[in-house]
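Per-entry structural report
In case you want the letters, here they are:
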Amino acid sequence: MFNSAKNTAVQPDSGVARCSGSRRTPCTVSTPALRAPGSRTAQAGFVLLPNLTVGRALVYAALLLMAIYYLLPLYVMLTTSFKSLDDIRAGNMLSLPQAWQGGAWVKAWAEACTGVECNGMQGFFWNSIKMTLPAVAISTILGAVNGYVVSMWRFRGSDALFTMLLVGCFIPFQVVLLPMAQVLGMLGIANTTTGLVLVHVVYGTAFTTLFFRNFYITVPDELVKAARIDGAGFWTIFFRILLPISGPIFVVCIIWQFTQIWNDFLFGVVFASGEAQPITVALNNLVNTSTGVKEYNVDMAAAIIAALPTLFVYMVAGRYFVRGLTAGAVKG
């Protein structure tokens, strides 16, 4: 007779059953769990790439080519802005600078000629800042209130008002030039930054109203009705209920309005003159003003300076743009 059974031990991952115990204690048999290849419990250093089909590889390749094609002008502008004039004449557009130089950026900012005066882009850059920030803020706030009214506080003629606002979104810029010029002249703010702010507020309020209306219409009506029953008034409902959930659509309106106002050229060249012109008009004057040798590196640096604020806005808040646009796509 055997007094005790010998213990048999194997490696945990050997795939052999393990038995331990005595005559009175039955053996326990355990088998190792199956492990999927590439899982976290797989052996160290054994990693499998995800399945990559031919179709998916072609899609990735096409997206990569389109991204390169899209970013190639930015690459040319950036590298050219750091080249010297001799380097520009000797090499090709795609070559890197032989010696990186930042003199073109300094000249574009403070010394380049934008017409009669040669003070660079700095003054016009701050003009655009003074024009864009208040215009974006005022048009966004007005759009939020208008969208709240036409979606939550229906009144006689509200549909006609909203239809007229929609028509305002599709009116070409050229149609409003003469009427707007007359209004600015009557108000005494023609050829000023304040006049440009008013123009962009009037033209942009239609878009912001449309965005906010489409967002607020997805809010359940029962929420607003319950607030009215509890005694909440017009502004209480707006500030305490709707405004806290309006973050995504505010980001959409800010990005949209900032991009449209900062990049606008037509209104800036028509309704402003001299030192009140925005940076887009100054960039056009700089490129078309030549005193001797054409300095392409200065032109490229000035173009990037003019585009930096919009690039910054999209890099910081661009991921919220599509999220905010689709926030009002489905009700319920």
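Look a little higher up for the structure.
The text that follows walks through the structure, step by step, so that each part is easy to find.

1. Quick notes on the overall build of the protein
- Counting secondary structure elements, the protein contains 14 helices and 0 strands.
- Its helices and strands taken in sequence order, the protein reads α-α-α-α-α-α-α-α-α-α-α-α-α-α from the N to the C terminus.
- Every one of the 332 residues in the protein was classed for burial, and the buried ones make up 33%.
- Across the protein, every contact between residues at least 6 apart in sequence was considered, and the portion connecting residues at least 24 apart equals 65%.
- If you sum the accessible surface of the protein, you get close to 20,900 Å²; carbon and sulfur atoms cover 66% of it.

2. What about the layout of surface pockets?
- In this structure, the largest pocket occupies an estimated 370 Å³ of space.
- Residue assignment for the lining of the largest pocket shows that the elements contributing at least two residues are helix H1 (54-81), helix H12 (279-288) and helix H13 (296-317).
- The element that contributes the greatest number of residues to the lining of the largest pocket is H13, accounting for 6 residues.
- When grouped by side-chain class, the residues that make up the lining of the largest pocket number 12 nonpolar, 3 polar and no charged.

3. Some words on the side chain of threonine 193
- Within the fold, threonine 193 resides in helix H7 (residues 193-216).
- Residue classification places threonine 193 among the buried residues on the basis of a relative accessible area of 17%.
- Sequence-distant contacts of threonine 193, that is, excluding residues within four places in its chain, are made with Asn127, Lys130, Met131 and Ala276.

4. Some remarks on the state of the cysteines
- The tally for this structure, following the rule as stated, stands at 1 disulfide.
- Here cysteine 113 is linked by a disulfide to cysteine 118, with a sulfur-sulfur distance of 1.8 Å. Across the S-S bond of cysteine 113 and cysteine 118 the torsion is about 90 degrees, and the bridge reads as right-handed.

5. Here we look at the pattern of salt bridges
- Applying the stated criterion across every chain, the model contains 3 salt bridges.
- Between lysine 107 and glutamate 295 there is a salt bridge, with its nearest N and O atoms 2.7 Å apart. A residue pair is termed long-range when its members are at least 10 positions apart, and lysine 107 in helix H3 (residues 103-110) and glutamate 295 in the loop between H12 and H13 qualify at 188 residues.
- Residue classification places lysine 107 among the partly exposed residues on the basis of a relative accessible area of 27%.
- Relative accessible area serves as the criterion here: at 24%, glutamate 295 is assigned to the partly exposed category.
- Aspartate 299 is the partner of lysine 294 in a salt bridge, and the nearest nitrogen-oxygen pair spans 3.2 Å.
- Its relative accessible area of 12% is what places aspartate 299 among the buried residues.

6. A closer look at the packing of helix H4 (residues 122-152) against helix H9 (residues 234-242)
- Contact geometry of H4 with H9 gives a least axis separation of 12 Å together with a crossing angle of 110 degrees. Taken as axis vectors, H4 and H9 run roughly perpendicular relative to one another. On H9, the residues touching Ala144, Val145, Tyr148, Val149 and Met152 of H4 are Phe234, Trp235, Ile237, Phe238 and Leu242.
- Looking at side-chain class alone, the contact of H4 with H9 contains 10 nonpolar, no polar and no charged residues.

Rules and cut-offs
- Each chain has its residues counted from 1, following the order in which its sequence is written.
- For this predicted model, a pLDDT threshold of at least 70 governs which residues receive local features, and a threshold of 80 or more governs which side-chain atom pairs are given and counted, while totals over whole chains, interfaces and linings are taken from all residues.
- Computation of side-chain values covers all heavy atoms of the structure but excludes hydrogens and water.
- Only DSSP runs of H or I reaching four residues or more are called helices, and only runs of E reaching two or more are called strands; each is numbered from the N terminus.
- Burial classes follow relative accessibility: with a 1.4 Å probe on protein chains only, a residue under 20% of its type's maximum area counts as buried, one over 50% as exposed, and anything between as partly exposed.
- Any two residues whose heavy atoms approach within 4.5 Å at even a single point are treated as in contact.
- For accessible areas, the Shrake-Rupley method is used with a probe of radius 1.4 Å. Any residue's cover is judged against the shown protein chains and nothing else.
- We place a 1 Å grid over just the protein atoms. Points where a 1.4 Å probe fits but has no way out form a cavity, open points with protein on both sides within 12 Å along at least 5 of 7 lines form a pocket, and any residue with an atom within 4 Å of a point lines it.
- Grid points are joined across faces, edges and corners, and a volume is the space filled by probe spheres set on the points.
- Each residue receives one of three labels: charged for Asp, Glu, Lys and Arg, nonpolar for Ala, Val, Leu, Ile, Met, Phe, Trp, Tyr, Cys and Pro, and polar for the others, Gly being one of them.
- By convention in this document, the label disulfide applies to cysteine sulfur atom pairs within 2.5 Å.
- Take a side-chain nitrogen of Lys or Arg and a carboxyl oxygen of Asp or Glu: if they are within 4 Å of each other, that pair is a salt bridge.
- Here an angle of 0 to 180 degrees is reported between the N-to-C directions of two axes, which are lines fitted to C-alpha atoms, with helices fitted over the stretch in contact.
- By definition in this entry, angles of less than 35 degrees are roughly parallel, angles greater than 145 are roughly antiparallel, angles of 65 to 115 are roughly perpendicular, and the rest are oblique.

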